[in-house]
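# Secondary and tertiary structure notes
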Amino acid sequence: QVQLVESGGGLVQAGGSLRLSCLASGRTNSTYVMGWFRQTPEKEREFVAALTRVGGSTDYADSVKGRFTISRDSAKNTMYLQMTSLTPEDTAVYYCAVRATYYTLSRRKDSYDYWGQGTQVTVSS
């Protein structure tokens, strides 16, 4: 089992920045791929970014490429999402997730095994 706890969400003005954190505990040696997803009441949960534990390969949704950066500190069992140039369209609940059975990047939410409880990000115009 892997437990995930997100933090760092909040209210920010358009053009601002936020950094989200995701602390993993439990069987952290199985966190082969870590990812961020987001969801609004109007949309299904959508992929934002992902990172492999080995090699550090990354993948980003087109909507955030160039503005968001995913990273992890393995010593702290923590993953981060640095978000810059935020727009109101980035408003959502952000979830971190772990893929514990495969080593490859994935944008499919059903390929992730563990999820955090989410953290709200609100961008005002």
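It should be emphasised that the depicted structure is a prediction, and the values quoted were computed from it without experimental measurement.

### Here we look at the overall build of the chain
- The helix and strand inventory of the chain stands at zero helices and 11 strands.
- Reading the secondary structure of the chain in the N-to-C direction produces β-β-β-β-β-β-β-β-β-β-β.
- A compact globule built from 125 residues should have a C-alpha radius of gyration of about 14 Å, and the chain, at 13 Å, falls within 12% of that.
- Each of the three principal axes of the chain carries a C-alpha extent, and together these read 40 × 25 × 25 Å.
- Sorting the 125 residues of the chain into buried and exposed places 46% on the buried side.
- Taking contacts inside the chain between residues at least 6 apart in sequence as the whole, the part at least 24 apart equals 59%.
- Across the chain, the 14 positively charged side chains and the 11 negatively charged ones have centroids separated by 6 Å.

### Section: the sheet that holds strand E7 (residues 68-73)
- Taking strand neighbours across the sheet as the criterion, the four strands line up as E1-E3-E8-E7 in an open arrangement whose pairing is antiparallel. What marks the edges here is a single partner per strand, and that holds for strand E1 (2-7) and E7. Strand-to-strand, the axes of this sheet are offset by a mean angle of 20 degrees, without reference to chain direction.

Cut-offs applied
Starting afresh in each chain, residues are numbered from 1 along the sequence in its written order. The model is predicted, so local features are restricted to residues of pLDDT at least 70 and side-chain atom pairs to those at 80 or more, both for listing and for counting; the totals for chains, interfaces and linings are taken over all residues. The side-chain quantities take in all heavy atoms of the structure and omit both hydrogens and water. Segments assigned H or I by DSSP are reported as helices when at least four residues long, segments assigned E as strands when at least two residues long, and all are numbered from the N terminus. Radius of gyration means the value over C-alpha atoms here, while the globule rule gives 2.2 Å times the residue count to the 0.38 power. Note on exposure labels: buried denotes an accessible area under 20% of the residue type's maximum, exposed denotes more than 50%, and partly exposed covers the range between, all computed with a 1.4 Å probe on protein chains only. Note on contacts: a residue pair is in contact if any heavy atoms of the two residues lie within 4.5 Å. Positive charge is attributed to Lys and Arg, negative charge to Asp and Glu, and no charge count is given to His or to the chain ends. A single reference atom marks each charge: NZ on Lys, CZ on Arg, CG on Asp, CD on Glu. Any two strands with at least two DSSP bridges between them are considered paired. Here an axis means a line fitted to C-alpha atoms, over the contact stretch when the element is a helix, while the angle between two N-to-C directions is reported on a 0 to 180 degree scale.

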